[in-house]
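Summary of the model geometry
The chain contents come next:
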Amino acid sequence: MKVLGINGSHRVGKGTAALLQAALDGAAEQGTALGVPVSGELVELSRLDIGFCIGCNRCLAQTSCTLADDMNDLYEKLRDADVVLLASPDYFGTVSARMKNFMDRTRPFHMVENVLTGKVGGALSTAGLNNCGGEGTLALLDSWFATQGMLAVHPRTQGAPLAGGVVATGFAGLSEEGQPQWRSVKADKIGFALARQLGREAVSLAELDGYTFVETNFSATIVQGLAAKFGFRPGG
């Protein structure tokens, strides 16, 4: 089983990367427990040359992009993955510019057909404060999974729920004077425990058999109409 982790942080190897690695570690642990070989890979978007979508609309007729850059290799990694984990720091209540650009460039994967249908997805975020943007970041990542026809998994530890999703923050509490006290996001024990649980549950879900995905003609009809408008041939 292949688990692909994509880090949308501008900073390589920092808090968001560590949180994503915890999820990959959890995935490997669950693979061992289930007797399933799991290979994990962490991709740093900040190390890749990925241009902006130029709005050419060629993806209305094909499952590939006309731009030639590092996204081409990432397309293949996405195709090969069984589980895709997306992690981004919170920027004004949503994902980073790098992560949003990646999401935009996956448009070819759901216009002609849902290339990623049936794959398992999991979202992670880092933020400065609790309840101050991380949840919005997770919501957008979950929306991307839904758009791609993927199965979004959410962590649930044994006992009482610890949080609504995987968000590790740098907020350590308030001083006696009411001022924020800061820490590294790596010190957020709950966030990292949930990240490992997310990885474990993602592998468990991906390992399940018997899912049947029903295709409809609705998406195909919409794509054919758009392709006709812009003069493209679907599937060409």
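The rules behind each value
- Position numbers for residues start from 1 in each chain and track the written sequence from start to end.
- This being a predicted model, a pLDDT of at least 70 is required before a residue's local features are given, and a value of 80 or more before pairs of side-chain atoms are given or counted; all residues contribute to the totals for chains, interfaces and linings.
- For the side-chain quantities, the full set of heavy atoms in the structure was used; hydrogens and water were omitted.
- Throughout, exposure labels follow a simple rule: accessible area from a 1.4 Å probe, protein chains only, divided by the maximum for the residue type, with under 20% read as buried, over 50% as exposed, and the rest as partly exposed.
- Segments assigned H or I by DSSP are reported as helices when at least four residues long, segments assigned E as strands when at least two residues long, and all are numbered from the N terminus.
- The contact definition used throughout considers only heavy atoms, calling two residues in contact when any of these lie within 4.5 Å.
- Only strands that DSSP links by at least two bridges are regarded as paired with each other.
- We call a crossover right-handed when, viewed with the strands running away from us, the connection from the first strand over the helix to the second turns clockwise.
- Pairing of N or O atoms within 3.5 Å defines a polar contact, subject to two protein rules: one partner must be a possible hydrogen donor and the other a possible acceptor, and residues neighboring in sequence count only if both atoms are side-chain atoms.
- Pairing of aromatic side chains here covers Phe, Tyr and the six-membered ring of Trp, requires ring centres within 6.5 Å, and sorts the geometry by plane angle: under 30 degrees stacked, over 60 edge-to-face, intermediate tilted.
- A pair is scored as a salt bridge if a Lys or Arg side-chain nitrogen falls within 4 Å of a carboxyl oxygen belonging to Asp or Glu.
- Disulfides are defined in this document as cysteine sulfur pairs within 2.5 Å.
- For every residue, the predictor states its confidence as a pLDDT score lying anywhere from 0 to 100.

Our focus in this paragraph is helix α3 (residues 97–105). Every buried residue of α3 is accounted for by M99, N101, F102, M103 and R105. Along its buried surface, α3 packs onto β1 (2–7), α2 (71–80), β3 (83–89) and α4 (134–147).

A few words now on the pairing of β3. One face of the sheet, then the other: side chains in a regular strand alternate in exactly this way. Within β3, seven of the seven residues are buried, which leaves it mostly tucked inside the rest of the structure. In β3, alternate side chains face the same way, and those of V83, L85, A87 and P89 on one face and V84, L86 and S88 on the other are all buried. With seven bridges joining them, β3 and strand β4 (residues 120–127) adopt parallel strand pairing. Bridge pairing links L86 to A123 in β4. At this point the chain moves from β3, through α3, to the parallel β4, and the crossover so formed is right-handed.

It is worth spelling out the side chain of S96 at this point. Structurally, the position occupied by S96 is in the loop between β3 and α3. At 2.5 Å, the side chain of S96 and the backbone oxygen of G8 are in polar contact. Apart from residues lying up to four places away in sequence, S96 is in contact with G8, H10, S88, P89 and Y91.

Assignment of secondary structure puts Q62 in the loop between β2 (39–44) and α2. A distance of 3.3 Å separates a polar atom in the side chain of Q62 from the backbone oxygen of S64.

What follows is about the packing of aromatic side chains. Applying the stated criterion to the full structure yields four aromatic pairs. Aromatic pair Y75 and F109: ring centres 5.1 Å apart, planes at 40°, arrangement tilted. Within this pair, whereas Y75 is found in helix α2, its partner F109 is found in the loop between α3 and β4, the two being separated by 34 residues in sequence. According to the relative accessible area criterion, Y75 is buried, its value standing at 4%. The class for F109 is buried, based on a relative accessible area of 0%. Each ring, one from F171 and one from W182, has its centre 6.3 Å from the other, and the planes form 70°; the classification is edge-to-face. Separated by eleven residues along the polypeptide, F171 in strand β7 (residues 171–174) and W182 in strand β8 (residues 180–182) bring together distant segments of the chain. Relative accessible area serves as the criterion here: at 55%, W182 is assigned to the exposed category. Through successive ring pairs, a cluster of aromatic residues spans F102, W144 and F145.

Time to look at the pattern of salt bridges. As enumerated under the stated definition, the model contains six salt bridges in all. Between K77 and E41 there is a salt bridge; the shortest N-O distance is 2.9 Å. Of this pair, K77 sits in helix α2 while E41 sits in strand β2, placing them 36 residues apart in sequence. You can call K77 partly exposed: its relative accessible area is 30%.

With that settled, the discussion passes to the state of the cysteines. Tallied over the entire structure, the rule returns zero disulfides. Note on C59: no disulfide assigned, nearest cysteine sulfur contributed by C53 at a separation of 6.4 Å. A relative accessible area of 10% places C59 in the buried class.

The predicted model of the protein chain averages 90 in pLDDT, with 88% of residues at 70 or higher. Confidence drops under pLDDT 50 across residues 209–219; counting only partners more than four residues distant or on other chains, this segment forms five contacts.

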